[in-house]
Amino acid sequence: MATNDVFTDALSRLEQIGKDVDIDPEAIAALQQPRAMLTASVPLRMDDGSMRYLTAYRCRYNDARGPTKGGIRYHPDVSRAEIQALALWMTLKCAVVGIPYGGGKGGVVVDPKALSPMELERLSRGYMRAMADFVGPETDIPAPDVYTNARIMGWMADEYETIHRRNTPGVITGKPIALGGSLGRDEATGRGAFLVIRRYAERAGLEPEKTRVAVQGFGNAGYHVARLLQEAGYKIVAASDSKGAIYSPDGFGLYHQKQETRKLEGVYCDGSVCELVDHERITNEELLELDVDLLVPAALEGVIHEGNAGRIRAKTIAEVANGPVEASADETLRERGIVVLPDVLVNAGGVTVSYFEWVQNRQGMAWTLEEVRSRLEARMFDAFDAMWAEFDGQGRTARAAAYTVALRRIEEALLAGGDHAYFSGGQR
Ligand code: GLU
């Protein structure tokens, strides 16, 4: 694990890449700290009558390109440093896909699996009460993230509308369809990742049938990316959730969609069919080190680090999670010829369809699923091609290439009102 916290790690990478690609130091300086960070204590009345106070955060990292945007996570390991890192990555991510947003993020330090449905609703409404003056459809727009979902977004939107006494669907995205959500938002992160992998496979000459894939994590992103890869003929040989992993070197030939349960063995094997699919149980750590063509970390940050980077055997890593590879592992992976398709591009499909949802809310219109999917595809391919132009034959990593695209766009917005040279009469 890193000796630095995840935010320090994110900043060191930003500084390094900023230097390598000649970004104005004023732009890098603007990205070295969040514009604003709100820490709140959210009171939660438990079902047994007792009271708990939970620490909650919302970070508005940088709004040079538009209102800040990013999810809210519920997890026991949430920390100030983590939320700041995630908000910085959202800033870069929105710039990579060219949507008019800055970056933000929120979180609550809590184990949501230990809460009852009513406790979860009270917590979500309490979070929005604490943040109601900090977020807004033109300032900061939350969305789902780890262990939050459409229902939770619906509660939060309702709470905001109750406080402000007006219908404001654009305050939050990832809502249930009936409450102004967008078709295609639920699968958007997975579909966006799939589109990036497909485009990369075309460029790098990978054939789906010969590409063995291991997917770590089976939340909303991991599930959909595994499903789409499998449908396209990729060979899924391993998958995992927080409890463990399953592995079958010949691939899971049978696929049974059981989204309701989202249980790993329920998805890959169904009742008696399960016995036909020979699989071994392995750990999440072992999954990361399997001899596969494509490794898809789709869970939490920091799973690939200095300690295991030398043992990763995948040829390509597609970062579906935010920050699964620590900065300390970048160089080892590069030296070993492993291409890391970075999070700020690979998982940007989620926020892209969040942007479509916000646009639909402002238009008062609902787009068809086909419209959402074709617009998502166009955005993801444009972003991929912009990254590729900076990557292919340029001697830098795919991450540095994507950061370059993002940093140039952020730099342009930050310095449009004048840079150091302008205000010092041309003298630096
Ligand atoms: N939580 C997602 C992410 O990390 C989506 C954010 C959004 O839709 O605003 O990209």
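Rules behind the numbers
Residues numbered from 1 in each chain as written. Predicted model: local features only at pLDDT ≥ 70, side-chain atom pairs only at ≥ 80, totals over all residues. Heavy atoms only, no water. Helix = DSSP H or I, 4+ residues; strand = E, 2+ residues; numbered from the N terminus. Buried < 20%, exposed > 50% of the residue type's maximum accessible area, 1.4 Å probe, protein only. Areas by Shrake-Rupley, 256 points an atom, 1.4 Å probe, with all protein chains shown as cover. Lys, Arg positive; Asp, Glu negative; His and termini not counted. Charge placed at Lys NZ, Arg CZ, Asp CG, Glu CD. Expected span 1.5 Å × (residues − 1). Near = heavy atom within 4 Å. Polar contact = N/O pair within 3.5 Å; in protein donor to acceptor, adjacent residues only side chain to side chain. Nonpolar A, V, L, I, M, F, W, Y, C, P; charged D, E, K, R; others polar. Core = buried A, V, L, I, M, F, W, Y, C linked by side-chain atoms within 4.5 Å. Contact = heavy atoms within 4.5 Å. Pairing = 2+ DSSP bridges. Axes fitted to C-alpha atoms, helices over the stretch in contact; angles between N-to-C directions. Parallel < 35°, antiparallel > 145°, perpendicular 65-115°, else oblique. Left-handed = near helix turned anticlockwise from the far one by under 90°. pLDDT = per-residue confidence, 0-100. Phe/Tyr/Trp six-rings, centres within 6.5 Å; stacked < 30°, edge-to-face > 60°.

Attention now goes to the overall build of the protein. Scanning the protein for helices and strands turns up 17 helices and twelve strands. Taken along the three principal axes of its C-alpha coordinates, the protein extends 65 × 60 × 45 Å. Expressed as a percentage of the 428 residues in the protein, the buried residues total 58%. Approximately 17,700 Å² of the protein is accessible, and the part contributed by carbon and sulfur atoms is 48%. Where the 49 positive side-chain charges of the protein centre and where its 60 negative ones centre are 4 Å apart.

Bringing helix α7 (residues 220–231) into the picture now. Counted at 1.5 Å a residue, the expected span for α7 with its twelve residues is 16 Å, and the 17 Å between its end C-alpha atoms agrees. Taking burial as the measure, the twelve residues of α7 include ten buried ones, the bulk of the element. Residues of α7 that are buried: Ala221, Gly222, Tyr223, His224, Val225, Ala226, Arg227, Leu228, Leu229 and Gln230. Just downstream of α7 lies Gly233, where phi reads positive at about 100°.

The subject of this paragraph is the site of the ligand. Contacts to the ligand come from 14 residues, most closely from Lys69, Lys93, Pro144, Asp145 and Ser354. Separating an oxygen atom of the ligand from a side-chain N or O atom of Asn322 is a distance of 3.0 Å. The separation between an oxygen atom of the ligand and a polar side-chain atom of Ser354 is 2.6 Å. Relative to its unbound accessible surface of 290 Å², the ligand loses 95% to contact with the protein. Secondary structure elements with two or more residues in the shell around the ligand: β3 (68–75), α3 (80–96), β5 (140–144) and α14 (349–363). For the shell around the ligand, the per-class residue count stands at four nonpolar, five polar and five charged.

Core analysis: the biggest nonpolar cluster contains 88 residues, and Leu92 and Met387 have the highest contact counts within it. The element that contributes the greatest number of residues to this core is α3, accounting for twelve residues. Look past the residues within four positions of Leu92 in its chain and what remains in contact with it is Val344, Tyr403, Ala406, Leu407 and Ile410. Core analysis: the next-biggest nonpolar cluster, separate from the first, contains 25 residues, Ala56, Leu115, Leu120 and Met153 among them.

Taken in spatial order, the seven strands make up an open sheet running β9-β8-β7-β6-β10-β11-β12, and their pairing is mixed. At either margin of the open sheet sits one strand with a lone partner, and together these are β9 (280–282) and β12 (339–341). This sheet shows a mean twist of 20° between the axes of neighbouring strands, independent of strand direction. Pairing between strand β7 (residues 235–241) and strand β8 (residues 244–247): four bridges, direction antiparallel.

Moving on, we get to the packing of helix α4 (residues 117–131) against helix α5 (residues 150–164). Two packed helices can be described by the angle between their axes and the distance between those axes. Packing of α4 against α5 leaves a shortest axis separation of 8 Å and a crossing angle of 45°. Taken together, the axes of α4 and α5 lie oblique to each other. Regarding α4 and α5, the two cross each other, and that crossing is right-handed. Residues Pro117, Leu120, Glu121, Ser124, Arg125, Tyr127, Met128 and Arg129 of α4 form the contact with α5, whose participating residues are Ile152, Trp155, Met156, Asp158, Glu159, Tyr160 and Ile163.

Attention shifts here to the confidence of the model for the protein. The pLDDT averaged across the protein works out to 92; a share of 93% of its residues lies at or above 70. Contacts of residues 254–260 to residues separated by more than four positions or lying in other chains number 20 contacts, the stretch itself having pLDDT below 50. Below pLDDT 50 for its whole length, residues 270–276 participates in seven contacts with residues either more than four positions away or in separate chains.

In this structure, Val78 sits in the loop between β3 and α3. C-alpha separation for the pair Val78 and Thr55, spaced 23 residues apart in sequence, amounts to 9.2 Å. Discounting chain neighbours no more than four positions away, the residues touching Val78 are Tyr57, Arg73, Ile83, Gly107, Val108 and Val109.

Another point: the sheet that holds strand β2 (residues 51–62). Taken together, the five strands give an open sheet; going across it, the order is β1-β2-β4-β3-β5, and neighbouring strands pair in mixed fashion. Lying at the two open borders of the sheet, with one neighbouring strand each, are β1 (36–45) and β5. Between one strand axis and the next, the sheet turns through 25° on average, direction left out of account. Of the pairings in the sheet, the one linking β1 to β2 comprises ten bridges and is antiparallel in character. By the bridge assignment for β2, Arg45 is matched with Met51. Taken strand by strand, α3 contacts β1, β2, β3 and β4 (102–109), and its axis lies near 150° from that of β4.

Let us look at the packing of aromatic side chains. The full count for this structure, using the stated rule, is eleven aromatic pairs. Here the aromatic rings of Tyr355 and Phe356 are separated by 6.0 Å at their centres, their planes lie at 45°, and the arrangement is tilted. Here the two residues Tyr355 and Phe356 agree in accessibility, since each one is buried. With a centroid separation of 4.9 Å and an interplanar angle of 85°, the aromatic rings of Tyr422 and Phe423 are classed as edge-to-face.

If you check α5, its first and last C-alpha atoms are 21 Å apart, about what 15 residues at 1.5 Å a residue would give, namely 21 Å. Taken together, the buried positions of α5 are occupied by Ile152, Met153, Gly154, Trp155, Met156, Ala157, Glu159, Tyr160 and Glu161. Tucked inside the fold, the buried residues of α5 contact β3, α4 and β5. Between the side-chain oxygen at the start of α5 and the backbone nitrogen of Arg151 there is a gap of 3.3 Å, and the oxygen is on Asn149.

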